[in-house]
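Each chain, letter by letter, is given below.
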Amino acid sequence: MPPFFDHRHPTVEDLRATARRRIPGFVFDFLDGGCNDDVNLRRNVEDFRAVELLPRYLRPRGAVSLETTLFGRSWGAPFGVCPVGLQGLIWPGACEALAAAATARRLPFILSTTTTADPETIGRITGGTHWFQFYVPVDAGLREALLSRVEASGCEVLVLLADVPVFGYRPRDIRNRFAVPPRIGVRTVLQMLARPAWGVAMARRGKPTFATLLPYLPPNIDLRQLADFMNRTFTGRLTGDDLSRIRDRWKGKLVLKGVATPEDAEEAAARGLDGIIVSNHGGRQLDAGQSTIRALPPIVSAVGGRMEVMIDSGVRSGPDVARALASGATFTFLGRAFMYGAAALGDRGGEHVAEMLHRQLLQVMEQIGCERVADLPAHLAPR
């Protein structure tokens, strides 16, 4: 069977436009928005577009391959699915559908602690190839309980989250009084009634919950209560000792996500971690921060020979994947792109986004004369 590709949506921006028409406004705002004035969110995307590649038209070359080896496993392409909270609110069943799509294309899928499917379910879907983004609990008993569940699910890579020391200040969500489940007010009801496809899908799947955290959460939690719960329950600001403690406990690969400086990257390397993800949480935490693509090169210079340096936040296309790899990253992850796909196309959205990115990246590499993703740094134009 040929890969699924919806010709009405050849770009992520096309998917975003359709997603906006298919899901309620308060849900779209949760997915689409950043923090404060969205400056960092926009900078992430704009700075990626400033990276230029050099084509080598006269160089002899053979077939192009997107195959990539990461942590001893061969992947079908150098991109994967970012952890995203509350995926099943954005589109019912999105978490499970994206995990299945990623597995079918041999792409890594990272499950968030705060999304709507638990590690046991995703472990069954992925056959144990999934990764897990871990909010570190303050309580040692809860920490061990969650780690044991993740371990039993077959998870290969544990991803520690570093860039949420406090809950982000997100004006769109504040205006909408965003809550899970949604507050039933006139405005919310009208928004839901205006999006019947989303409402039917929600009725069929049932209301979303924080599946992994459900045993530990108070009922009917809203945004303010969630912030309070997360601040009380989880270690917002990690230390080097926290990294060492989990390194000693976790026997699989261990990655730190949210790295923005060479100093933090050096600390992660010194504590024995296997990789880092250069990330600013998709522009949802620090509006005054650097874009990830600008933060990447000095981090690669500091630790690139000692650990895997990956990147997310701002990646929107196959050319962006090529730009990231040419700039020194060994792998890329996309969050909003896959979620726009799920919201626009339902259960097959993840398949479409994976195929779209594959086609785009393949075209770029064929165009510039690059046979392997590992050779992309040779095509980076000087800045």
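My aim in this report is to walk through the structure given alongside it, one point at a time. Given the structure is predicted, the values throughout are model-derived calculations rather than measurements.

**Comments concerning the nonpolar core**
Next, step 1: In this structure, L158, L160 and I276 are the most contacted members of the largest nonpolar core, which totals 104 residues.
Next, step 2: Every residue in contact with I276, bar those within four places of it in the chain, is listed here: V255, L256, V259, A265, A268, I299, V303, M307, E308, V309 and M310.
Next, step 3: Of all hydrophobic cores here, the second largest spans 13 residues; its members include L70, C82, V159 and I277.

**Overview of the packing of helix α3 (residues 39-49) against helix α14 (residues 292-303)**
Next, step 1: Taken N-terminus to C-terminus, the directions of α3 and α14 make an angle of 65 degrees; their axes are 7 Å apart at the nearest point. In this structure, α3 contributes N44, D47 and F48 to the contact, and α14 contributes T292, I293 and R294.
Next, step 2: Classifying every residue of the contact of α3 with α14 gives 2 nonpolar, 2 polar and 2 charged.

**Structural notes on helix α10 (residues 196-205)**
Next, step 1: Every buried residue of α10 is accounted for by W198, A201 and M202. One side of α10 carries all its buried residues, which in axial view fall inside an arc of 100 degrees. Opposite the buried face of α10, at more than 90 degrees from it, the exposed residues are P196, V200, A203 and R204.
Next, step 2: In the segment just after α10, G206 is the residue with positive phi, at about 95 degrees.

**A few points about unusual backbone geometry**
Next, step 1: We note that L86 has phi near 55 degrees; this positive angle belongs to a residue other than glycine.
Next, step 2: Mapped onto the secondary structure, L86 falls in the loop between β3 (79-81) and α4 (87-90).
Next, step 3: For L86, a relative accessible area of 3% gives the class buried.
Next, step 4: The phi torsion at S313 lies on the positive side, around 75 degrees, for a residue other than glycine.
Next, step 5: Inspection of the secondary structure puts S313 in the loop between β9 (308-311) and α15 (318-326).

**Focus: the packing of aromatic side chains**
Next, step 1: Evaluated as defined, the whole model comprises 6 aromatic pairs.
Next, step 2: For the ring pair F132 and F134, a centre distance of 6.4 Å and an interplane angle of 45 degrees mean the geometry is tilted. Of the two residues examined, F132 and F134, each falls in the buried class.
Next, step 3: Each ring, one from F331 and one from F333, has its centre 5.4 Å from the other, and the planes form 50 degrees; the classification is tilted. Here the two residues F331 and F333 agree in accessibility, since each one is buried.
Next, step 4: By way of ring pairs, the aromatic residues F71, W131, F331 and F333 are connected into one cluster.
Next, step 5: Geometry around F30 places R284 over its ring, the cationic atom sitting 5.0 Å from the centre.

**Considerations on a nonpolar patch on the surface**
Next, step 1: There is a patch of nonpolar side chains on the surface, built from V186, L190 and L193 and spanning about 350 Å² of accessible area.
Next, step 2: Structurally, L190 is set in helix α9 (residues 186-193).
Next, step 3: By relative accessible area, L190 is classed as exposed at 54%.

**Points about the pairing of strand β8 (residues 275-278)**
Next, step 1: Covered by surrounding structure in β8 are G275 and I277 together with I276 and V278, the residues of both alternating faces.
Next, step 2: Taken together, the 4 bridges between strand β7 (residues 253-259) and β8 define a ladder with parallel strand orientation. Looking at the pairing, K257 lines up with I277 of β8.
Next, step 3: Taken together, β7, helix α13 (residues 262-270) and β8 form a β-α-β motif whose crossover is right-handed.
Next, step 4: Bridging between β8 and β9 involves 4 bridges; their strand directions are parallel. Residue pairing for β9: I276 is matched across the bridge by V309.
Next, step 5: For the handedness criterion, the β-α-β arrangement of β8, α14 and β9 is classed as right-handed.

**Things to note about the sheet that holds strand β5 (residues 131-134)**
Next, step 1: Pairing in this open sheet of 8 strands is parallel, and the strands run β3-β10-β9-β8-β7-β6-β5-β4 from one edge to the other. In this open sheet, the two strands that pair with only one neighbour each are β3 and β4 (110-112). The average undirected angle you get between the axes of adjacent strands in this sheet is 30 degrees.
Next, step 2: Sheet analysis places β3 next to strand β10 (residues 331-334), joined by 3 bridges and oriented parallel. Counted as the bridge partner of F79 is T332 from β10.

**Quick notes on the pattern of salt bridges**
Next, step 1: If you walk through the whole model with that rule in mind, you get 25 salt bridges.
Next, step 2: Ionic pairing is found between D32 and R172, a salt bridge with its closest N-O pair at 3.1 Å. Of this pair, D32 sits in helix α2 (residues 25-32) while R172 is found in helix α8 (residues 171-176), placing the two residues 140 residues apart along the sequence.
Next, step 3: As a salt-bridge pair, D241 and R271 come within 3.2 Å of each other at their nearest N and O atoms. Linking D241 in helix α12 (residues 240-249) with R271 in the loop between α13 and β8, this pair joins segments that are 30 residues apart in sequence.
Next, step 4: Linked by salt bridges that have partners in common, E13, R16, D29, D32, D38 and R172 make up one network.

What counts, and where the lines are drawn
- Residues numbered from 1 in each chain as written.
- Predicted model: local features only at pLDDT ≥ 70, side-chain atom pairs only at ≥ 80, totals over all residues.
- Heavy atoms only, no water.
- Core = buried A, V, L, I, M, F, W, Y, C linked by side-chain atoms within 4.5 Å.
- Buried < 20%, exposed > 50% of the residue type's maximum accessible area, 1.4 Å probe, protein only.
- Contact = heavy atoms within 4.5 Å.
- Axes fitted to C-alpha atoms, helices over the stretch in contact; angles between N-to-C directions.
- Helix = DSSP H or I, 4+ residues; strand = E, 2+ residues; numbered from the N terminus.
- Nonpolar A, V, L, I, M, F, W, Y, C, P; charged D, E, K, R; others polar.
- Arc of directions from axis to C-beta.
- Phe/Tyr/Trp six-rings, centres within 6.5 Å; stacked < 30°, edge-to-face > 60°.
- Lys NZ or Arg CZ within 6 Å of the ring centre and 35° of its normal.
- Patch = residues over 30% accessible without salt bridge, like charges linked within 9 Å, V, L, I, M, F, W, Y side chains within 5 Å.
- Areas by Shrake-Rupley, 256 points an atom, 1.4 Å probe, with all protein chains shown as cover.
- Salt bridge = Lys/Arg side-chain N within 4 Å of Asp/Glu carboxyl O.
- Pairing = 2+ DSSP bridges.
- Right-handed = clockwise from strand over helix to strand, strands pointing away.

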